[in-house]
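# Coordinates in review
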Amino acid sequence: MSSLFNWSSLFSNTPITNGTRQLSVNSSTLKNDSQSLISEFEYRRNEIQTSGSSITVTPKKHNYRFKTTLKPKKTGLLLVGLGGNNGSTVIGATIANRNKLSWETRNGTQKANYFGSVTQSTTVHLGWDGSRQIYTPFNSILPMVSPNDLIIDGWDINNANLYEAMKRAHVFEPDLIEQLKPHMETTVPKPSIYYPDFIASNQGSRANNVIHGNCKKEHLEKIRADIREFKEKHGLECVVVLWTANTERYTTVEAGLNMTAEEILTSIDQNKDEISPSNIFAVASILEGAHYINGSPQNTLVPGIIELAQKHQIFIGGDDFKSGQTKLKSALVDFLVTSGLKPESIVSYNHLGNNDGKNLSEARQFRSKEISKSSVVDDMVAANTILFEDGKKPDHCIVIKYVPFVGDSKRAMDEYICSIFMGGHQTLAIHNTCEDSLLAAPLIFDLTIITELCSRIQYASAGTDNDFMAFHSVLSLLSLLLKAPVVPNGTPVGNAFMRQFGALTKLLTACAGIAADTDLQLEFFTKLQ
Ligand SMILES: NC(=O)c1ccc[n+]([C@@H]2O[C@H](COP(=O)([O-])OP(=O)(O)OC[C@H]3O[C@@H](n4cnc5c(N)ncnc54)[C@H](O)[C@@H]3O)[C@@H](O)[C@H]2O)c1
Ligand SMILES: O=P([O-])([O-])O[C@@H]1[C@@H](O)[C@H](O)[C@@H](O)[C@H](O)[C@@H]1O
């Protein structure tokens, strides 16, 4: 007996599709009670055996059951770097959207929105209704937290209140800033951990809001207490701690320091220099049951922190928001290679004038960013041994310059040179003005919302009584939103943008009992039986 499932009826306060359409799923395999939805999904993949130049493909089927707890959790977001350009933009945007603010610009009246957010502003193809293709909003497929409902707070080494921080950021229009003033001027970030050696020396003048003392164990306990207090004060069911503070230098990764959960905890107890502020935030989050996301490029998520997250069944994700120049690259290079054109040279230059750019103007912080920006084409190159028969990657050059005048309005200039047919070359020269915080802030919502959703999804093998399990702690599903995805050990990194989007939406539709969109569209040139 098929069941018609429409979860909006369960939560009258959850707008199912922003008032446009109601999505109901009519499936015989779908079971739901008032608390959860169980779907069955036949996962088809190819088991591959290679031997020399021969490949053997064995199609395999795996029958999954997905169990989604339907009611979104009351969720808090704690931002490390709350007073920064991204942090103040995130908070301001939720207030503006929640209060349906509009403001005057020289181009006319602008209304608050969540453009640039995958969860809030994209749609997913469901199929053909006989006369047109039907798409549904991403956030109508399963119940998700609304960014308007997020409780947001955080830490900063600078004590500017969020109104001052917003003005300093030069991201929002003055009319909006003044409307937000009463909502933001009373919020001051919590004092944070400051170890000068990890961020640029030019950030020292900002550090007037720091936790005193040099004992890393005490710093850990203070951050843990902050997380506990935040959770209890707001009655939260889910907390995500997200690093949007300055890019740190890489930390050493070695046995005895941070290779295991025990080592990272012992190294904190022993006050080891190589334990970074972001390491401490990650450990504190995990120990307090809060999920941790790294929006910056440094290697916070060392093996010991990954092991600790697994022990505590907490999600972690990173690294480095994929917001502008690299985001375009992750789609464009996929397009070029898929077209049979061979990128030979990729030069990505940008200059920016915000504090991020100032921090990145020092060599060790730039190096963290150069690493995360450089790895984004690796999977696309490896996918085509016709073009890249010798495995030689394209020349790939990253340049970042600090030019204060442009502020948060980063100017990215890229040149792609490809080998094409019969010895020709195609050159793409792209000028891309990236309003950095307006591009990154939506990703912060998505990272938080998808992490909370994944905390409500469990899986089991169909046809068995095996218990339902949570996904792996390293939430590689967040790769769409990150430049250098951290993935479970031994699994591949995927950066091609549309493949990442497809993986995310196909999981959601599988959990909702909706047939995955194969794009084959056989119904248009065959007779469906
Ligand atoms: N498009 C983007 O904006 C984008 C894209 C990818 C990555 N990022 C990364 O996001 C981060 C934030 O970018 P931003 O433009 O908001 O930078 P920002 O400099 O404006 O904000 C960073 C904030 O972190 C604070 N801070 C530094 N160390 C801290 C610590 N230990 N604890 C708490 N606060 C601390 C600083 O005082 C500052 O207010 C940077 O690492 C940047 O590389 C940004
Ligand atoms: O995301 P993206 O535009 O490729 O990369 C950007 C860097 O090139 C830039 O220096 C700074 O704006 C951001 O930190 C961001 O990481």
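Residues numbered from 1 in each chain as written. Chains lettered and ligands numbered in written order. Predicted model: local features only at pLDDT ≥ 70, side-chain atom pairs only at ≥ 80, totals over all residues. Heavy atoms only, no water.

We describe a pair of aromatic rings using the distance from one ring centre to the other and the angle between the two ring planes. Tallied over the full model, the rule gives 10 aromatic pairs. Ring centres of Tyr64 and Tyr459 lie 6.1 Å apart, and the angle between their planes is 55°; on these two criteria the pair is classed as tilted. With a gap of 395 residues between them, Tyr64 in strand 5 (residues 54–69) and Tyr459 in strand 19 (residues 457–461) connect regions that are remote in the sequence. Judged by its relative accessible area of 27%, Tyr64 is partly exposed. (Phe/Tyr/Trp six-rings, centres within 6.5 Å; stacked < 30°, edge-to-face > 60°. Helix = DSSP H or I, 4+ residues; strand = E, 2+ residues; numbered from the N terminus. Buried < 20%, exposed > 50% of the residue type's maximum accessible area, 1.4 Å probe, protein only.)

Taking 1.5 Å per residue, 14 residues should reach 20 Å; helix 1 (residues 85–98) reaches 20 Å between its end C-alpha atoms and fits that length. Lys100 sits one or two residues past helix 1 and shows a positive phi near 50°. (Expected span 1.5 Å × (residues − 1).)

Right, let's get into the packing of helix 3 (residues 162–169) against helix 4 (residues 174–184). Viewed as axis vectors pointing N to C, helix 3 and helix 4 meet at an angle of 150°, and their least axial separation amounts to 8 Å. Taken together, the axis directions place helix 3 and helix 4 in an arrangement best described as roughly antiparallel. Side by side, helix 3 and helix 4 meet where Leu162, Tyr163, Met166 and Lys167 of the first sit next to Ile177, Glu178, Leu180, Lys181 and Met184 of the second. For the contact of helix 3 with helix 4, the per-class residue count stands at 6 nonpolar, no polar and 3 charged. (Axes fitted to C-alpha atoms, helices over the stretch in contact; angles between N-to-C directions. Parallel < 35°, antiparallel > 145°, perpendicular 65-115°, else oblique. Contact = heavy atoms within 4.5 Å. Nonpolar A, V, L, I, M, F, W, Y, C, P; charged D, E, K, R; others polar.)

Here we take up the environment of Arg499. For Arg499, the position within the fold is in helix 14 (residues 497–511). In this structure the C-alpha to C-alpha distance between Arg499 and Asp334, which are 165 residues apart in sequence, comes to 9.3 Å.

The full set close to ligand 1 counts 30 residues, and Asp156, Ser192, Ile193, Arg206 and Ser296 are the nearest of them. Ser192 places a side-chain nitrogen or oxygen 2.7 Å from a nitrogen atom of ligand 1. One nitrogen or oxygen atom from the main chain of Ala245 is found 2.8 Å from an oxygen atom belonging to ligand 1. Here ligand 1 has 830 Å² of accessible area as a free molecule, and 99% of this is covered by the chains. Sorting the residues of the shell around ligand 1 by element identifies helix 1, helix 10 (355–360) and helix 13 (436–454) as the ones contributing at least two each. When its residues are assigned to classes, the shell around ligand 1 shows 10 nonpolar, 13 polar and 7 charged. (Near = heavy atom within 4 Å. Polar contact = N/O pair within 3.5 Å; in protein donor to acceptor, adjacent residues only side chain to side chain. Areas by Shrake-Rupley, 256 points an atom, 1.4 Å probe, with all protein chains shown as cover.)

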